[in-house]
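# Chains, contacts and geometry: an overview
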Amino acid sequence: MSQSNSKNYKQFKLFDISNDHLSAVNRKRRVALNFDVVLFNPAPNEDPYKLLEERMVFTDDPSTTIDSIWWNWSEGNIVPFKSKRLPSLQHDGYQSWLDKGIDIVKIFLDETHKRGLECFYSHRMNGGDMDPRTVPGVGVIFDNFVHEGQFASGIEAGPNKIPMKEENPEWLFDLPWSPSKPWNFAIKEVRQFILGNLTEIVEDYNFDGIELDFARGVVFPKGEGWQNRDKLSAFMQQIRQMTLEVEEKRGRPFLVAARVPENLPGCHFDGLDVETWAKNNFVDIFTVGCRSFEVDIQSFQKIVRGKSIKIFPSIDDHHSSDGYCTPPIEVFRGLFSNWYQQGADGIQTFNFAYGPKQALSPVDPWGDIHLQAYKEIANLPQLLYSDKTFVIQRRGGGHGDEVIAYPEDWDTPRYWYANTNMLAQLPIPLSANDKVDTLLKINIGDDVNTHYEKVNKVQVKVLLHDCNKEYLKIPRMSLAPKETENQIQRAIIREFVIPLRPGKENETALYNNPVSKDTDKYFQMRINNILTPLPRINSGWFVFEVSPKHFALGENLIGLRLTNKNSKQNIMIEKLEVHISYKK
């Protein structure tokens, strides 16, 4: 440890954690379900208990393995309950409950506890103020979209007005994609204001813990995160001090979780000194990653060594990992296998379906796949020899190109790391040098080498794009044009398999420009330096039939190159997947 880091650590308090608190940290918690803003548009006087039942369909299914519910109620600056500090949601449905003295947050909390489940309050650290509201003569607005009624073409609804922001504009900073200015956590008054808001929630409600969601909102201006890390660490220290005081008063543990980027460099980029947070016991759980398949669990394990801090990788399947929105169940199995093999204590889901009727279209697979995932996610004996697909992460995407660039139009993010997957390996150019491979690493969580006799087949599938022509962006409901005579079949790189709803009716799919038909004769692959047979082509993908003995448990090195020196193709590797099927 450097001397400068040692000085940095010394300014913070090391908290002692009671045995009762440690028991709460270690309670059974296999799957934590995070509800991303629970209710967008409840009808006036709608039955809150019926709404609760609808959102607990998958949780109440006895075949699922959900132990913990983390309710996210708003963007963070407007609340659905009567607060002494914050305005309430200006929405007819919420106001009808408030007028009758109905506390929707308490009802959902109590009903969660009645089911024997742990219950957290999830707080967006710097939300976008796009909470639902009712505008007379217009209708209901959320996410800047008019849900009822019409605006003139091109007119946006705009964010909610937050009184404290209106009174203190100097506490805010600009983001190019957001009409709402976020809080600048480098300012002491901002941190004190947020601390007071969270204290009210912790004191007034009987939650088991709180999640501080740093994946929802940039907390520092561009380029100012790491230099202000001590201010944020001081804030985290105040949060821990406050929650432990409440814990002592009520005689029951109160836990603190933090949702942070998927690796330590990403945390540093965003100004989150997670090493200090761990060293001083500021948190009990790190929920790691946002929409990332590749999560550096082992580095987080190092910083929590000797602590009772749990590591829960988190997966969002709405702002999904690029190219894998609601993927086949085999992809989720591969993801879970990798995370458990690397030492995850459990898994957090975010933006998963909560019931089978959530989609407007009956053909959407969203609910079915998520229910299947919940049945298998912590059922390790069943997961062991189930067919799986392991994939390499693609960078970017997920939130629209105005927030995070898509990989085909990539530029380096400057405002934040969270949600960007900026260190992902794909896409990457395919080497056409006979002495140089394009090298890629892929994690395989199943020990197929040792248990090769149980394996039916292993295939490595690669999707390529010829950069001599542009990608095609085609609306979801439209057909892509036919390939030319000398091209292989065109394939989809990215599509959005999310429920159809207003504003999401016809999302754009990304197609490749197919490579030439003779590419398979010159496409060479090595797995851990073992040369494989040449591929065949199927549905626009190159399929390599390989042996399970080619792979090691954990990280593997794959080399790819073209051996045809005369090829005029400029090829990009878009996707690489390892498909493993087991004998039945």
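To start, this report covers the structure provided alongside it. (Residues numbered from 1 in each chain as written. Predicted model: local features only at pLDDT ≥ 70, side-chain atom pairs only at ≥ 80, totals over all residues. Heavy atoms only, no water.)

## A short note on the packing of aromatic side chains
Applying the stated criterion to the full structure yields 28 aromatic pairs. A centroid spacing of 5.1 Å and a plane angle of 70 degrees characterise the contact between W73 and F108, whose relative ring orientation is edge-to-face. Note that W73 is positioned in the loop between β2 (68-72) and α5 (92-99) and F108 in helix α6 (residues 104-114), a separation of 35 residues in sequence. Residue W73 shares its accessibility class with F108, and that shared class is buried. Between the aromatic rings of F332 and F336, the centroid separation amounts to 6.0 Å while the plane-to-plane angle is 15 degrees, which identifies the pairing as stacked. Linking F332 with F336, this pair stays in helix α13 (residues 329-341), spanning 4 residues, or about one helical turn. An aromatic cluster is built from F35, W71, W73, F108 and Y354, whose rings are joined through pairwise contacts. Looking at K165, its charged tip hangs above the ring of W183, at a distance of 5.2 Å from the centre. Over the ring of Y406 we find R494, and its NZ or CZ is 4.0 Å from the ring centre. (Phe/Tyr/Trp six-rings, centres within 6.5 Å; stacked < 30°, edge-to-face > 60°. Helix = DSSP H or I, 4+ residues; strand = E, 2+ residues; numbered from the N terminus. Buried < 20%, exposed > 50% of the residue type's maximum accessible area, 1.4 Å probe, protein only. Lys NZ or Arg CZ within 6 Å of the ring centre and 35° of its normal.)

## What about the side chain of R55?
By the secondary structure assignment, R55 is in helix α3 (residues 48-55). One polar contact links R55 to Y354, side chain to side chain, over a distance of 3.4 Å. In this structure, R55 is in contact with F35, V38, L39, F108 and Y354, ignoring residues within four places of it in sequence. (Polar contact = N/O pair within 3.5 Å; in protein donor to acceptor, adjacent residues only side chain to side chain. Contact = heavy atoms within 4.5 Å.)

## Comments concerning the nonpolar core
Within the largest apolar cluster, 107 residues are counted, with the highest numbers of intra-cluster contacts made by W277 and F286. Ignoring any residue separated from it by four or fewer positions in sequence, one finds F286 in contact with A258, V260, V274, W277, A278, F300, I303, V304, I309, K310, I311 and F312. (Core = buried A, V, L, I, M, F, W, Y, C linked by side-chain atoms within 4.5 Å.)

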